[in-house]
Amino acid sequence: MNRIPFHKFLPGIAWFFVVMVLICLPGEDIPGNSMFELLQFDKFAHTSIFGLLVILLIRQIAMSGLNKKVKLHYYIRIAISVAIWGLATEFIQLFFIPGRDFDLLDFVADATGCALAYLFSKNYLLN
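It should be emphasised that the depicted structure is a prediction, and the values quoted were computed from it without experimental measurement.

1. Brief notes about the packing of helix α3 (residues 41-62) against helix α4 (residues 68-96)
In contact at an axis separation of 10 Å, α3 and α4 are set at 150° when each is read in the N-to-C sense. With respect to each other, α3 and α4 are oriented roughly antiparallel. The hand of the α3/α4 crossing is right-handed. For the pair formed by α3 and α4, the contact residues are His46, Phe50, Leu53, Val54, Leu57, Ile58, Ile61 and Ala62 on the first element and Lys71, Tyr74, Tyr75, Ile78, Ala79, Val82, Trp85, Gly86, Thr89 and Glu90 on the second. When the residues that make up the contact of α3 with α4 are grouped by side-chain class, the tally is 13 nonpolar, three polar and two charged.

In C-alpha cells:
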C-alpha cells in the first residue's frame, strides 16, 4: 500500500482545529443578527465548514496512487467520520459550552456538507 505522508494532511488537520475553536465559542460571542437568523446563515456556514473539512482530508487520498476502490472506501470513511464529529460537537456545545445548546438542524447541515463533499469528491476527484 502506498503511504501518504502525514504532512500532506496538515491543511485538513489545521482546519479541524479552526472549526473546533469556532464551535467552542461561548454563545455570547456569536453575532446574533436578525437578518442572519432569518436567512439561516448558520446552517449554510455549518454545511460549508464541514464540507470543506471533508474535501481537505479527501484531497490527499485523491492525489495518492491508491486504486479507485480503495480511494472510494476512504472517501466514505472520511465523510462519515466528519459527520459523526459534527454530531459530537453538538453534544460538546450542549454540555460544555456556556450559552450554546444542541441543535439537530446544525447536525443535519453538518451531515449535508459531508455528503455534498463526498459526492463532489466521488464525481470530480476520483481518478
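2. A look at the side chain of Asp106
Within the fold, Asp106 resides in helix α5 (residues 104-125). Relative accessible area serves as the criterion here: at 6%, Asp106 is assigned to the buried category. For Asp106, the side chain forms a polar contact with the side chain of Lys43, separated by 2.7 Å. What Asp106 contacts, discounting residues up to four positions off in sequence, is Asp42, Lys43, His46 and Glu90.

Rules behind the numbers
Residues numbered from 1 in each chain as written. Predicted model: local features only at pLDDT ≥ 70, side-chain atom pairs only at ≥ 80, totals over all residues. Heavy atoms only, no water. Axes fitted to C-alpha atoms, helices over the stretch in contact; angles between N-to-C directions. Helix = DSSP H or I, 4+ residues; strand = E, 2+ residues; numbered from the N terminus. Parallel < 35°, antiparallel > 145°, perpendicular 65-115°, else oblique. Left-handed = near helix turned anticlockwise from the far one by under 90°. Contact = heavy atoms within 4.5 Å. Nonpolar A, V, L, I, M, F, W, Y, C, P; charged D, E, K, R; others polar. Buried < 20%, exposed > 50% of the residue type's maximum accessible area, 1.4 Å probe, protein only. Polar contact = N/O pair within 3.5 Å; in protein donor to acceptor, adjacent residues only side chain to side chain.

Fair warning: the whole summary comes from geometry, so function is off the table for now.
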